[in-house]
Amino acid sequence: MDTAGGGAEARGQTSWLGLEEEASPFSGKKATKAATDIKRWSSVVNAAVVTLILTVPPLILLLSGGLSTPTVWIRSTVASVGSQMRASESKKDVLLGGLLVPGFDEQTCASRYQAVYYRKNMTRQPSPYLIKRLRQQEALQRRCGPGTEPYTSASERLRSGQTDVDNVDGCNYLVLISYRGLGNRMLAMTSAFLYAMLTGRVLLVDRGYGNTLADLFCEPFPGTTWALPPDFPVKNFKQLDEDAPESYGNVAVNRSGSLMGLRFVYVHLDHSASPANLLFYCDDHREFLHRAQWVIMRADQYIAPGLFFNPAYQEELDRMFPRKDSVFYILSRYLLHPTNDIWGMVTRFYHSYLSKADETLGIQIRVFDSDKPAQQILDQILACTSQERLLPGVVTTGGGGGDPPPRLPTAGARSMAVLMTGLSSWYHDNVREMYWRSASIDGEVVSVHQPSHEEHQLWFATKHDMKALAEIYLLSLTDKIVTSGWSTFGYAGHGLGGLTPYVMFRPVLNGTAPNPPCTRAMSMEPCSFGVPHFECTRKEFNRDVLQGKLLPHVRTCEDAFWGLKLAD
Ligand SMILES: *[C@@H]1O[C@H](CO)[C@@H](O)[C@H](O)[C@H]1NC(C)=O
Ligand SMILES: *[C@@H]1O[C@H](CO)[C@@H](O)[C@H](O)[C@H]1NC(C)=O
Ligand SMILES: *[C@@H]1O[C@H](CO)[C@@H](O)[C@H](O)[C@H]1NC(C)=O
């Protein structure tokens, strides 16, 4: 891991919930130290858990009364939830119609095989063509990935500065820099993966400070790794910035596309990237990028809508995604499987608080301008849930006479579980108190739950990111969802779940909630910030792009007038 890379990270650091520019609380080195401590701590806990598993007599032994092997014990523990649900439901297609490949070890990544029992049936099916392309990509990742002969020679060429080699053995690489919050990273990973598929590159993901990648996500490709090896030859790649000689904008504008003397091309797709760097979205076979064996990309957001601008990709994208609103939904289900530790957190919370309710509602709260609780935000949440009839009203005392006497619950009264996520517990406490002090108008039983409240953002702290990922997954399991505008955390939650959210407009903290408080989004896709402002055929500024008039499936986001999202 590249500890020298702290500079760029700290400069552009932000929270795991959104895109605000904020200063990092610690340098890369301190972050690494903290993460190592946490890692040490968590491996102690893991050891304790394993001991517990091995000392508690497993169910299967009690039932059979016979001897069993430790493998079976562990399997019975890890997979017990799945098998219970399997017994009560008909067997489900865990591979999602061929989206996922068989052959992974079920024990090492239980979520891959169990998620289908928690999620709603897929509302968009992967096209046969996409499935074919995924199998090709998996083969490419295996053939060229870390540890292979082609990878070793490609790294050697990168180290020695021998470039412009034009596809020596059919192995080209896309290295994705991990930075900013977890939601940002999930959006960037998923859409960078789409770009890797479109351009036939092997996707390698930087492990992040504190090596968090493997604590968060299972390996997505069979027989290889997507983690960038620690001995990656470009030492300070995390510090690359727009003004680097290797940046796409510089090569395009100042070098007329010449790669002479450059070891790689750096693609800067931060949400605030300059127009010159956004020319990347229009790169095609006449340009220079395909001649670079190594591309290093910085992205903190969802780049998929920008790829639809490129005429070179349009036909391929149409074949992969007959429904344009399914890009994140399908690719995230393919790519992002939480590790067993996180999946345990998701499923335990789900069974404790959500599974028995008739209906579940997710409310994701991200306040950008302040960590302090704000009445105005609570007002906005309640105005939104009332306007959209997501939460029942409560019985209020009209003009003096005292509360009506409590009623016995009617048989079969509906129950609703509300999952709230956010840094502060204040909103949750208030909503819960509302349904404790007063009855709901229609007799519905409302329970309100919040898994964690960290109060402040932390950066690349393993335990913090693991909880955040568990919450994003829990949000994705709800029936309906309210999200905070501009929040990549919310985008990831509703996108994974295939949920079309009710988006709350980002407020100005002046005491008055925006009116209207929220709106139903046009699709389940995340919003993309930092989009090309031109049409690729002419490469000139075009106002229609921003107004979402240029391409039928790319429209202006509800919550950000400069953002674009895919819709059908
Ligand atoms: C989900 O799909 C299964 C078949 O895999 C089907 O039996 C079930 O009825 C579906 N559930 C819903 C709610 O559509
Ligand atoms: C082109 O070069 C000039 C002078 O070095 C530099 O200021 C400018 O930022 C470069 N343009 C791009 C797009 O990188
Ligand atoms: C507060 O900001 C909102 C926009 O969020 C605006 O509509 C409202 O007029 C502002 N109120 C005051 C008192 O400035």
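Think of each chain on its own: its residues are numbered from 1, step by step along the sequence as written. Both sets of labels track the order of writing: A upward for chains, 1 upward for ligands. Whole-chain, interface and lining totals are the exception, using all residues; otherwise, since this is a predicted model, local features are given only for residues with pLDDT of at least 70 and side-chain atom pairs are given and counted only at 80 or more. By convention in this description, side-chain values take in all heavy atoms of the structure and omit both hydrogens and water.

The name that an unreviewed UniProt entry assigns to the protein chain is Fucosyltransferase, with the source organism given as Paspalum notatum var. saurae. Under the UniProt heading Subcellular location (unreviewed entry), the note attached to the protein chain is "Golgi apparatus, Golgi stack membrane". UniProt positions are given in the numbering used here, feature names are shortened, and annotations may be inferred rather than shown by experiment. Reading the Function (unreviewed entry) entry of the UniProt record for the protein chain gives the comment "May be involved in cell wall biosynthesis."

## Considering the state of the cysteines
Any two cysteine sulfur atoms lying within 2.5 Å of each other are counted as a disulfide. Counting across every chain of the model gives five disulfides. Two residues share a disulfide in this structure: Cys144 and Cys171, whose sulfurs sit 2.0 Å from each other. Judged by the torsion about the S-S bond (-65°), the Cys144/Cys171 disulfide is left-handed. Pair noted here: Cys144 is in helix α7 (residues 128-144) and Cys171 is in the loop between α8 (149-160) and β1 (172-177), with a separation of 27 residues, a long-range link. By relative accessible area, which is 0% here, Cys171 ends up buried. A sulfur-sulfur separation of 2.1 Å characterises the disulfide bridge that pairs Cys384 with Cys518. Classification of the bridge connecting Cys384 and Cys518 rests on its S-S torsion, roughly 90°, and on that basis the disulfide is right-handed. In this pair, Cys384 sits in helix α17 (residues 375-387) while Cys518 sits in strand β10 (residues 518-520), placing the two residues 134 residues apart along the sequence. Of note for the protein chain: the bonded cysteines, numbered N- to C-terminal, pair according to 1-4, 2-3, 5-9, 6-7, 8-10. What counts as a helix is a DSSP run of H or I of at least four residues, what counts as a strand is a run of E of at least two, and both are numbered from the N terminus. Buried residues are those whose accessible area, probed at 1.4 Å on protein chains only, stays under 20% of the maximum for their type, while exposed residues exceed 50% and partly exposed ones sit between those limits.

## Digging into unusual backbone geometry
Most of the time, phi is negative for any residue but glycine, and the peptide bond is trans. Between Asn515 and the following residue, Pro516, the backbone shows a cis peptide bond with an omega angle of 0°. Along the chain, Pro516 falls in the loop between β9 (502-504) and β10. Backbone geometry places Trp486, a non-glycine residue, at a positive phi of 75°. Summarising the element assignment, Trp486 is placed in the loop between β8 (480-484) and α20 (488-497).

## As for the sheet that holds β10
Two strands qualify as a pair provided that DSSP identifies no fewer than 2 bridges between them. The strand order across the open sheet built from six strands is β7-β6-β5-β8-β9-β10, with neighbouring strands paired in mixed fashion. On the outer flanks of this sheet lie β7 (445-449) and β10, each paired with one strand and no other. When strand polarity is set aside, the average angle formed by the axes of neighbouring strands in this sheet is 20°. One ladder, built from three bridges, connects β8 with β9; its direction is parallel. Angles shown run from 0 to 180 degrees and are taken between the N-to-C directions of axes, each axis being a line fitted to C-alpha atoms and, for helices, limited to the stretch in contact.

## A short note on the sheet that holds strand β4 (residues 294-299)
Here we have four strands laid out as an open sheet, ordered β2-β1-β4-β3, and parallel in their pairing. Each edge of the open sheet is held by one strand with a lone partner, namely β2 (201-205) and β3 (265-269). Going across the sheet, the axis of each strand differs from the next one's by a mean of 25°, ignoring polarity. Both β1 and β4 contribute to a ladder of five bridges, which runs parallel. The partner of Val175 across the bridge, within β4, is Ile296. What makes two residues a contact is simply this: any of their non-hydrogen atoms within 4.5 Å. Taken strand by strand, α7 contacts β1 and β2, and its axis lies near 70° from that of β2.

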